[in-house]
Amino acid sequence: MTPRLRPWLLASPWLAAFGGLGLAGCGSAERAPASTFRLLDGSTVTTADLQGRVLLVNFWATTCVSCVKEMPQLVETHRRFAPRGFETVAVAMSYDPPEWVANFTRTRQLPFKVALDSDGSLARAWGDVKLTPTTYIVDRRGRIVKRYVGEPDFAALAALLDKLLAETA
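Keep in mind it's a predicted model, so treat the numbers as computed, not measured. (Residues numbered from 1 in each chain as written. Predicted model: local features only at pLDDT ≥ 70, side-chain atom pairs only at ≥ 80, totals over all residues. Heavy atoms only, no water.)

Q: I'd love a proper account of the packing of helix α2 (residues 65-81) against helix α5 (residues 154-166), names of residues and values included.
A: The axes of two packed helices give the description: the angle between them and the distance between them. Close contact between α2 and α5 brings their axes to 12 Å; oriented N to C, the two are set at 25°. When the interaxial angle is binned, α2 and α5 end up roughly parallel. Like other packed secondary-structure pairs, α2 and α5 cross with a definite hand, here right-handed. For the pair α2 and α5, contact is made by Glu70, Gln73, Leu74, Thr77, Arg80 and Phe81 and by Phe154, Leu157, Ala158, Leu161, Asp162 and Leu165, respectively. (Axes fitted to C-alpha atoms, helices over the stretch in contact; angles between N-to-C directions. Helix = DSSP H or I, 4+ residues; strand = E, 2+ residues; numbered from the N terminus. Parallel < 35°, antiparallel > 145°, perpendicular 65-115°, else oblique. Left-handed = near helix turned anticlockwise from the far one by under 90°. Contact = heavy atoms within 4.5 Å.)

Take a look at the structure:
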């Protein structure tokens, strides 16, 4: 019998102490919440639209030092894996001014989708995210297979993405 983590533990602040703690290997992966991401250009994309792709959802803020630090590696990860069916959605937290997010996205030439969580509903739906960066990896079947609080180990993330992208939906 595989021990299961309690939902309150997954959303707790102590999770930050275990930065790379993920859901993979915890017995069963949960489904990603049905979500509609409102992108900077005003368009929307949903988790249903992205079904069949491996998805990275990153909750971040322009005022978060760790978020800014990891962004070049997220860009590189996206560029490396996008041709194989990988998608990235960076979700700016509700307290992040939209003009700051737009400026950051433009000046850093982010190549992936950037969404605004203006009312905090996305953060709540994805496990009541309060700490940034928080990153989720979703497989082709729409299951969350890994959650990172803090900067991921990008070598381990690349290995996980290679494995997930090799699987069929």
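Q: Any details on the packing of aromatic side chains? Residues and values, ideally.
A: For any pair of aromatic rings, the description rests on two quantities: the centre-to-centre distance and the angle between the ring planes. Within the structure shown, the criterion is met by 5 aromatic pairs. Taking the centre distance of 6.2 Å and the plane angle of 80° together, the rings of Phe59 and Tyr136 count as edge-to-face. With Phe59 in strand β4 (residues 54-60) and Tyr136 in strand β7 (residues 134-138), this pair connects stretches of sequence that are 77 residues apart. Here Phe59 matches Tyr136 in class, with each residue buried. Taken together, a centroid distance of 5.1 Å and an interplanar angle of 50° make the contact between Trp60 and Phe104 tilted. With a gap of 44 residues between them, Trp60 in strand β4 and Phe104 in helix α3 (residues 98-107) connect regions that are remote in the sequence. Here the two residues Trp60 and Phe104 agree in accessibility, since each one is buried. Each member of the aromatic cluster is reached from another via a ring pair, and the members are Phe59, Trp126 and Tyr136. (Phe/Tyr/Trp six-rings, centres within 6.5 Å; stacked < 30°, edge-to-face > 60°. Buried < 20%, exposed > 50% of the residue type's maximum accessible area, 1.4 Å probe, protein only.)

Q: A description of the environment of Asp153 should follow, citing residues and the corresponding values.
A: Take Asp153: it is sitting in the loop between β8 (143-149) and α5. Overall, the relative accessible area of 46% leaves Asp153 in the partly exposed class. A polar contact is formed between the side chain of Asp153 and the backbone nitrogen of Ala156, at a distance of 3.1 Å. (Polar contact = N/O pair within 3.5 Å; in protein donor to acceptor, adjacent residues only side chain to side chain.)

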